[in-house]
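Chain residues, written in single-letter form:
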Amino acid sequence: MRRIISILMENEPGALSRVVGLFSQRGYNIETLTVAPTEDPTLSRLTLTTYGDDRTIERITKHLNKLIEVVKLVDLSEGEHVEREIMLIKVKASGAQRAEVKRTVDIFRGQIVDVTSTVYVVQLTGTSDKLDAFIEAIGEAQVLEVVRSGVSGIARGEKTLSL
Amino acid sequence: MVEKLSGAEMVVRALQDEGVEYLFGYPGGAVLHIYDAIFQQPKDAENKVHHILVRHEQAATHAADGYARATGKPGVVLVTSGPGATNAVTGIATAYMDSIPLIVISGQVRSDWIGDDAFQETDMVGVCRPIVKHSFMVQRTEDIPEIMKKAFYIATTGRPGPVLIDIPKDKTAPHIKFPYDYPKTVKMRSYTPITKGHSGQTRKAVDELLKAKRPVIYAGGGIIMGEASEELTALARRLGYPVTNTLMGLGGFPATDELSIGMLGMHGTYEANMAMHNSDLILAAGARFDDRATNDASKFCPNAKVIHIDVDPATISKNVTADIPIVGPVKQVLSEMLSMLDEHPGKPDEKAIASWWEEINGWRQVHGLRYETGEMMKPQQVVQALYKATKGDAYVTSDVGQHQMFAAQYYHFDKPRRWINSGGLGTMGFGLPAAMGVQLAYPDAVVACVTGEGSIQMNIQELSTCMQYGLPIKIININNQALGMVKQWQDMQYGGRHSQSYMDSLPDFVKLTESYGHVGMRVDRIEDLDAAMEEAFALKDRLVFMDIYVDPTEHVYPMHIADGSMRDMWLNKTERT
Ligand SMILES: Cc1ncc(C[n+]2csc(CCOP(=O)(O)OP(=O)(O)O)c2C)c(N)n1
Ligand SMILES: [Mg+2]
């Protein structure tokens, strides 16, 4: 099962490598990873997605919690949450294709953020599934380059991950 | 006014403020400022830190580790950058696997050279990431006191472990001084070790304990590290339940107590492994269900409920799922169990427990620890002679191999911190340097290092250190002229093909020892063994190397059959369960 683990940790050199290192050391995979400082610059928020059954995820979170720099963490997939990923995608757009691509972008509520006579750069935000669906709709053959941010997430309602 | 100190002086002063007696190390370019600060300590200072110059950095870490295991206080190491630091890696990993508090200070190249592949530059923080509890890289000289305080705090609290402090040379420069004020306390928002177990869980555990008909108390190294030996002993005696210790837990419960059923696991006693397999309740205290203890975890003790007490939540239900997990310091949890028992209306099921003991004693009679004597001396006889000569009251360090298992089986440890071995990593070369740390901690104690001719050669150079500091260790070299444990596996699993497992061209250990200035003895005949032991241990101020030739064909039994359950064992070369 796919999980989203969100970690609040000290914004210190070496902290990120400890998190990433733990996954390879213990034989777990990281699917996506995003990290940036929070509104409090001494803290970083790291979100990662991984696959595993309950037992594996329990082990991962226990080991993550043991890292000295990890302050708190939550498995967002355990409750109601909002998740988003941003994608920048460069697609072929010449001749008759241009209108077709534009229409697909509109359907997916994306934006064309750069244009040349032969390509569009499209920006799209949504769940990872939605981004996958867009790539499929456009057709692999049309795609020149894809950049994805990895998943960010936040719990719905009053729940917060903070000090 | 607050005093101003250089980074190097801060390091040494912080060690003094932490009450560090011994610093085990080896100098080199990146730590020369620190070595100068060590030199410049006032000669008669009460809190002076004594530096012990080893002959190889691996030995520095093992010696500090042995010191820590024997005393419960953190061991401290100082090494230079690059090769000095990488030589320490095996010792750091050894301490990590056994949860031993170590502070390892490594020099680093000057900060403006980091990343340039400078002379003797190694990314020590990177190399050590998976084998330390935490690590620090000093960025600013003025941070040194706080980092030192945090390092000691992290290393010694919760589940202990090694902490690395990597210090670039320029951060210790003698002319750059900052105010020094050693913090009295430390608080970290991201690190709050657990100090108390959940009482509700403990109560549930007590209820289960009183319901049990075939209980076993399975006690690990956490009992020793967590100073819980007294509580464990009181609990076991109160209930009258059998206790088995892990390799790391030996001495946590007195081996000569009638409730002790010996060590469990790969080379555990028949009765301990059988009792575990047939139990209906296991109280695991400070143990981690290591694969060497459980055999195949999926076949582990099919009818047992598991209560698991450990200070490290990640250890609970890692290999074997706990029915009643209790996260907390084992000392506190056990003592709470004792007071709950005081108030509990229930009592152990006397009848059931009596018949459980009958069954256990039956196993003990059929297949208790035993071996066949013959013309040649047996390694087991050597350990028994050692036990006799030291009246069972020595500190015994060991290396890794058959000799280690024989020592664990036949030296009956009645006190915690007496048995000092590398259980988790299984590091050959651990024994002699670890014994140095123990002997320094307790100069008047009897310290024996049980080793093999393979292992001892991995840190034999430390005989020189022992001479320099007058450490009267007794080295019991159980010489089977083979990498015995490897050979045993080859006998059992590889059709007796002894690929690279015999020790050719052995040195004359007696002459070798004498050349270092110590006493060497060779023993070949069982008739001479007791007298030789007496003679060696009578030489109270001298290191004695006893090179004892034993039967090279002996195997360690019982031995778990791979991928089986706890009860699947070889009992000798031909008989199995
Ligand atoms: C550093 C290291 N290398 C290799 C091993 C694998 N190993 C385990 S036991 C053993 C043989 C040890 O021989 P010896 O010290 O003579 O002890 P014996 O088994 O003969 O008693 C070896 C090579 C190890 N544990 N540690
Ligand atoms: Mg040998």
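Here goes a summary of the coordinates provided. (Residues numbered from 1 in each chain as written. Chains lettered and ligands numbered in written order. Predicted model: local features only at pLDDT ≥ 70, side-chain atom pairs only at ≥ 80, totals over all residues.)

### What to know about the overall build of chain A
Then step 1. Within chain A, the regular secondary structure consists of four helices and nine strands.
Then step 2. Mapped from its N terminus to its C terminus, chain A presents α and β elements in the order β-α-β-β-α-β-β-α-β-β-α-β-β.
Then step 3. Over its C-alpha atoms, taken along the principal directions, chain A stretches across nearly 55 × 35 × 30 Å.
Then step 4. A total of 163 residues make up chain A; the buried ones form 25% of that total.
Then step 5. For chain A, long-range pairs separated by at least 24 residues make up 73% of all intrachain contacts whose partners lie at least 6 apart in sequence. (Helix = DSSP H or I, 4+ residues; strand = E, 2+ residues; numbered from the N terminus. Buried ≥ 20, exposed ≤ 12 C-beta atoms within 10 Å, placed from the backbone. Contact = placed C-beta atoms within 7 Å.)

### Observations concerning the overall build of chain B
Then step 1. Counting its secondary structure elements, chain B contains 21 helices and 22 strands.
Then step 2. Over its C-alpha atoms chain B spans a radius of gyration of 25 Å, differing by no more than 12% from the 25 Å that the globule rule assigns to 577 residues.
Then step 3. With the C-alpha coordinates aligned to their principal axes, the bounding extent of chain B is approximately 75 × 60 × 40 Å.
Then step 4. Here chain B, with 577 residues, has 55% of them falling under the buried criterion. (Rg over C-alpha atoms; globule rule 2.2 N^0.38 Å.)

### Some remarks on the packing of helix α8 (residues 199–211) of chain B against helix α13 (residues 330–343) of chain B
Residue and element names in this part refer to chain B.
Then step 1. Two numbers describe how α8 lies on α13: the axes approach to 10 Å, and their chain directions differ by 60°. Between α8 and α13, the crossing angle belongs to the class labelled oblique. The way α8 lies across α13 gives a crossing that is right-handed. Contacts from Ser199, Thr202, Arg203, Ala205 and Val206 of α8 reach α13 at Val333, Glu336, Met337, Met340 and Leu341.
Then step 2. For the contact of α8 with α13, the class distribution of residues is six nonpolar, two polar and two charged. (Axes fitted to C-alpha atoms, helices over the stretch in contact; angles between N-to-C directions. Parallel < 35°, antiparallel > 145°, perpendicular 65-115°, else oblique. Left-handed = near helix turned anticlockwise from the far one by under 90°. Nonpolar A, V, L, I, M, F, W, Y, C, P; charged D, E, K, R; others polar.)

### A word on helix α11 (residues 270–277) of chain B
Then step 1. For α11(B), the tally of buried residues reaches eight of eight residues, placing the bulk of the element in the interior.
Then step 2. Every buried residue of α11(B) is accounted for by B:Tyr270, B:Glu271, B:Ala272, B:Asn273, B:Met274, B:Ala275, B:Met276 and B:His277.

### Some points on the site of ligand 1
Residues and elements named next belong to chain B.
Then step 1. Gly401, Gly452, Gly454, Ser455 and Gly484 are the nearest of the 20 residues found near ligand 1.
Then step 2. Broken down by secondary-structure element, the contributors of at least two residues to the shell around ligand 1 are α16 (402–410) and α19 (484–493).
Then step 3. Top contributing element to the shell around ligand 1 by residue count: α19, with three residues. (Near = placed C-beta within 6 Å.)

### Focus: the environment of A:Arg45
All names here are of chain A.
Then step 1. Relative to the helices and strands, Arg45 is located in strand β3 (residues 43–51).
Then step 2. Taking the C-alpha atoms as reference points, Arg45 and Ile57, separated by 12 residues in sequence, lie 19 Å from one another.
Then step 3. Not counting residues up to four positions away in its chain, the partners in contact with Arg45 are Ser6, Leu8, Ala36 and Thr38.

### Notes on the sheet that holds strand β7 (residues 162–168) of chain B
All names here are of chain B.
Then step 1. A sheet is described by the order of its strands in space; here six strands give the open sequence β3-β2-β4-β5-β7-β6, paired in parallel fashion. Among the strands making up the open sheet, the edge pair consists of β3 (50–53) and β6 (134–137). Shown here is a sheet whose adjacent strand axes are inclined to one another by a mean of 20°, direction ignored.
Then step 2. One ladder, built from five bridges, connects strand β4 (residues 75–79) with strand β5 (residues 102–108); its direction is parallel. (Pairing = 2+ DSSP bridges.)

### Some details on the sheet that holds strand β20 (residues 544–549) of chain B
Residue and element names in this part refer to chain B.
Then step 1. The strand order across the open sheet formed by six strands is β16-β15-β17-β18-β20-β19, and the pairing between neighbours is parallel. What marks the edges here is a single partner per strand, and that holds for β16 (419–420) and β19 (519–523).
Then step 2. The pairing of strand β18 (residues 474–479) with β20 spans six bridges and is parallel. Following the sheet pairing, Asn477 is matched in β20 by Asp547.
Then step 3. Each of β18, β19 and β20 touches helix α21 (residues 526–538); the most contacted strand, β19, lies at about 170° to it.

### Comments concerning the interface of chain B and chain A
Then step 1. Taken residue by residue, the interface counts 12 residues in chain B and 15 residues in chain A.
Then step 2. Counted by class, the side of chain B that touches chain A contains seven nonpolar, two polar and three charged residues.

### Regarding the nonpolar core
Then step 1. Ranked by size, the top nonpolar core spans 197 residues in total, and within it B:Val77, B:Ile103, B:Ile282 and B:Ala285 carry the most contacts.
Then step 2. Discounting chain neighbours no more than four positions away, the residues touching B:Ala285 are B:Ile217, B:Ala219, B:Gly220, B:Gly222, B:Ile223, B:Leu232, B:Ile309, B:Val330 and B:Leu334.
Then step 3. A:Ile89, A:Ala93, A:Tyr120 and A:Ile138 belong to the second largest nonpolar core, which has 11 residues in total. (Core = buried A, V, L, I, M, F, W, Y, C linked by C-beta atoms within 7 Å.)

### Re the packing of helix α15 (residues 379–389) of chain B against α16(B)
All names here are of chain B.
Then step 1. The geometry of α15 relative to α16 is characterised by a closest axis approach of 9 Å and an angle of 50° between their N-to-C directions. It follows from the interaxial angle that α15 and α16 lie oblique. For α15 against α16, the interelement crossing comes out right-handed. Contacts between α15 and α16 involve Pro379, Gln380, Val383, Gln384 and Tyr387 on the former and, on the latter, Gln402, His403, Phe406, Ala407 and Tyr410.
Then step 2. Here the residues of the contact of α15 with α16 sort into six nonpolar, four polar and no charged.

### Comments concerning the pairing of strand β6 (residues 111–115) of chain A
All names here are of chain A.
Then step 1. Within β6, only zero of the five residues are buried, which leaves the element largely exposed.
Then step 2. Strand direction decides the pairing type here: β6 and strand β7 (residues 119–126), joined by four bridges, are antiparallel. Looking across to β7, one finds that Asp114 is bridged to Val121.

### Points about the pairing of β5(B)
All names here are of chain B.
Then step 1. Counting buried positions along β5 yields seven of seven residues, so the element is predominantly enclosed.
Then step 2. Judged from the seven bridges that link them, β5 and β7 form a sheet pairing that is parallel. Bridging from a neighbouring strand, Leu102 pairs with Pro162 of β7.

### Section: unusual backbone geometry
Residues apart from glycine generally show negative phi values, whereas peptide bonds are mostly found in trans.
Then step 1. Residue B:Pro558 is reached from B:Tyr557 by a cis peptide bond, and omega for that bond is -5°.
Then step 2. Of note, A:Arg109 is a non-glycine position whose phi angle comes to about 55°, a positive value.
Then step 3. Take A:Arg109: it is sitting in the loop between α3 (97–107) and β6.

### Notes on the environment of B:Arg69
Residue and element names in this part refer to chain B.
Then step 1. When you line up the elements, Arg69 lands in helix α3 (residues 57–71).
Then step 2. Classification of Arg69 as buried rests on a count of 30 C-beta atoms within 10 Å.
Then step 3. Taking C-alpha positions, Arg69 is 17 Å from Val330, a pair spaced 261 residues apart along the chain.
Then step 4. When sequence neighbours within four positions are dropped, the list of residues in contact with Arg69 reads Ile100, Arg417 and Ile420.

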